[in-house]
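# Structural overview
One-letter residues, chain by chain:
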Amino acid sequence: MRKKNKKFILKPKKSIQNVNLSRPRLIDSFERDKKKYWLDKNENFDPILNSYLVKIFNKINSKFISSYPDSGFLHQKLSDHLKLKSNNIIFSYGSDGVIKSVFETFLNINDMVFHTNPTFAMYPIYSKIYAVKTIQINYKKNQITKKPYIDFNELLKLIDKYRPKLFCLPNPDSPTGTVLSNLQIRKILNHCLHTNTLVLIDEAYYPYYPNTNIDLVKKFENLIVARTFSKAWGLAGLRIGYAAAHSNIIKYLNKSKPMYEVGNYQLHFINLAINKYNQVLKSVERSNKSKLFFNEEMKKLNFTVLDTYANFTHVNFGEKKHKILKNLSNKFLFKDNFDHNSLKGFTRFTIGTEAVMKKLVLNIKKLSKNNE
Ligand SMILES: Cc1ncc(COP(=O)(O)O)c(C=O)c1O
């Protein structure tokens, strides 16, 4: 006889039970305070670029919100834009989607993965979800420039020693904002051919940092480049990005995909947004100018600045930090409390328009002067 009212025991897979895998609850996630300037998530709110994007909204045929997506047309369009073949790309929900897809497609439990530290939060999270072993490539701190850097020779030695299945490298990395040169990346790719290592170069901040490695997907069968429309394109809310890689890699990524991963609306939006690419480049120019202005003003106030290759910057307010941030947080959102040694003491600000950065500078100036 079966027992009545048997208690159901919920058991997710082991990796999900991992107590070190903790995520914010989505029900606690609300829109940020509209009265504040959002300089915390490296989004691009440039109103000039936005005015071009807004026009696209109404141009999209309503049948595309009622029908399932067929993405072939955008493969064609984007691959022409990138000077690749249409079977060299695959779409996902942002570069985050690409990263997850790479973990899901290529990694078995206990495979070895290298990722930098600190880095984009999802690398350590997917490492836990997919129960892989990780080696973290820690950023060191240059004692003179105070800049984080990777010990390149040590990295190559570690690759030789552990022969990882996958090496994840955002370039520029976040939150450090640092890059490896194209020459260094070529060296890594060659090295990784010998160790049979897939290399995921995450170019989320392209073209803030224009030195892409996307062309190398034609040459290196172990390279995946992740790109997104979330950053420079100002489309973080749309959730669309893509992987560029050799067709063999794309073929396998495709095998592990849901039937329709990216919405029809997104695909058609990007189709029209690509025609405005020159506006994206102009927006990047404005951001760089704005960053230069902000960094110079911070230096004039004798604060240490970590210039980056992306749309954010780090400032160390030293002894004045607590007072400045406490007041600043009434008007601005930013990212603070980096616990990694390479960024300790720094506060990260996304670069907004020059007008926003002027307001930020004004506030910082006021707060750094009061009762010195
Ligand atoms: C380095 C890096 N990679 C990937 C992402 C994910 O971006 P998205 O999923 O919006 O494309 C981010 C977002 O901040 C990032 O900084």
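To keep things clear, this report deals only with the structure shown in the data block. Predicted, not measured: the structure shown is a model, and the values here were computed from it.

### Concerning the packing of helix H5 (residues 94-106) against helix H6 (residues 122-129)
Packed helices, taken two at a time, are described by the angle between their axes plus the distance between the axes. One way to put it is that H5 packs onto H6 with a least axis distance of 10 Å and a crossing angle of 30 degrees. Considering their axes alone, H5 and H6 lie roughly parallel with respect to each other. Regarding H5 and H6, the two cross each other, and that crossing is right-handed. Between H5 and H6, the residues in contact are Asp96, Ile99, Lys100 and Phe103 and Met122, Tyr123, Tyr126 and Ser127, respectively. Of the residues contributing to the contact of H5 with H6, the split by class is 5 nonpolar, 1 polar and 2 charged.

### Examining the state of the cysteines
Any covalent bond linking the sulfur atoms of two cysteines counts as a disulfide. Evaluated as defined, the whole model comprises 0 disulfides. Residue Cys168 stays outside any disulfide, its sulfur separated by 11 Å from that of Cys192, the closest cysteine. Judged by its relative accessible area of 0%, Cys168 is buried.

### What about the environment of Phe30?
Mapping Phe30 onto the fold places it in the loop between helix H1 (14-17) and strand S1 (37-38). Along the backbone, Phe30 and Trp233 are 203 residues apart, and their C-alpha atoms lie at a distance of 23 Å.

### Points about the nonpolar core
If you look at the biggest cluster of nonpolar residues, it comprises 59 residues, and the most contacted ones within it are Phe91, Leu155, Phe167 and Ile188. Each of two domains, domain 1 (28-46 + 278-369) and domain 2 (62-276), supplies a minimum of three residues to this core. If sequence neighbours within four positions are ignored, Ile188 has contacts with Phe152, Leu155, Leu156, Ile159, Phe167, Leu169, Leu180 and Val199. Counting residues in each nonpolar core, the second largest holds 27 residues, with Phe106, Ile125, Leu198 and Ile224 among its members.

### Considering the sheet that holds strand S4 (residues 133-138)
Spatially, the 7 strands line up as an open sheet ordered S2-S10-S9-S8-S7-S3-S4, and their pairing is mixed. At either margin of the open sheet sits one strand with a lone partner, and together these are strand S2 (89-92) and S4. Strand-to-strand, the axes of this sheet are offset by a mean angle of 20 degrees, without reference to chain direction. By the bridge criterion, 5 bridges tie strand S7 (residues 166-170) to strand S8 (residues 198-202) in an arrangement that is parallel. Within the sheet, the bridge partner assigned to Cys168 lies in S8 and is Leu200. Strand contacts of H6: strand S3 (112-117), S4, S7 and S8, with the helix running at about 155 degrees to S3, the strand carrying the most contacts.

Cut-offs applied
- Residues numbered from 1 in each chain as written.
- Predicted model: local features only at pLDDT ≥ 70, side-chain atom pairs only at ≥ 80, totals over all residues.
- Heavy atoms only, no water.
- Axes fitted to C-alpha atoms, helices over the stretch in contact; angles between N-to-C directions.
- Helix = DSSP H or I, 4+ residues; strand = E, 2+ residues; numbered from the N terminus.
- Parallel < 35°, antiparallel > 145°, perpendicular 65-115°, else oblique.
- Left-handed = near helix turned anticlockwise from the far one by under 90°.
- Contact = heavy atoms within 4.5 Å.
- Nonpolar A, V, L, I, M, F, W, Y, C, P; charged D, E, K, R; others polar.
- Disulfide = S-S within 2.5 Å.
- Buried < 20%, exposed > 50% of the residue type's maximum accessible area, 1.4 Å probe, protein only.
- Core = buried A, V, L, I, M, F, W, Y, C linked by side-chain atoms within 4.5 Å.
- Domains from an automatic or database assignment.
- Pairing = 2+ DSSP bridges.

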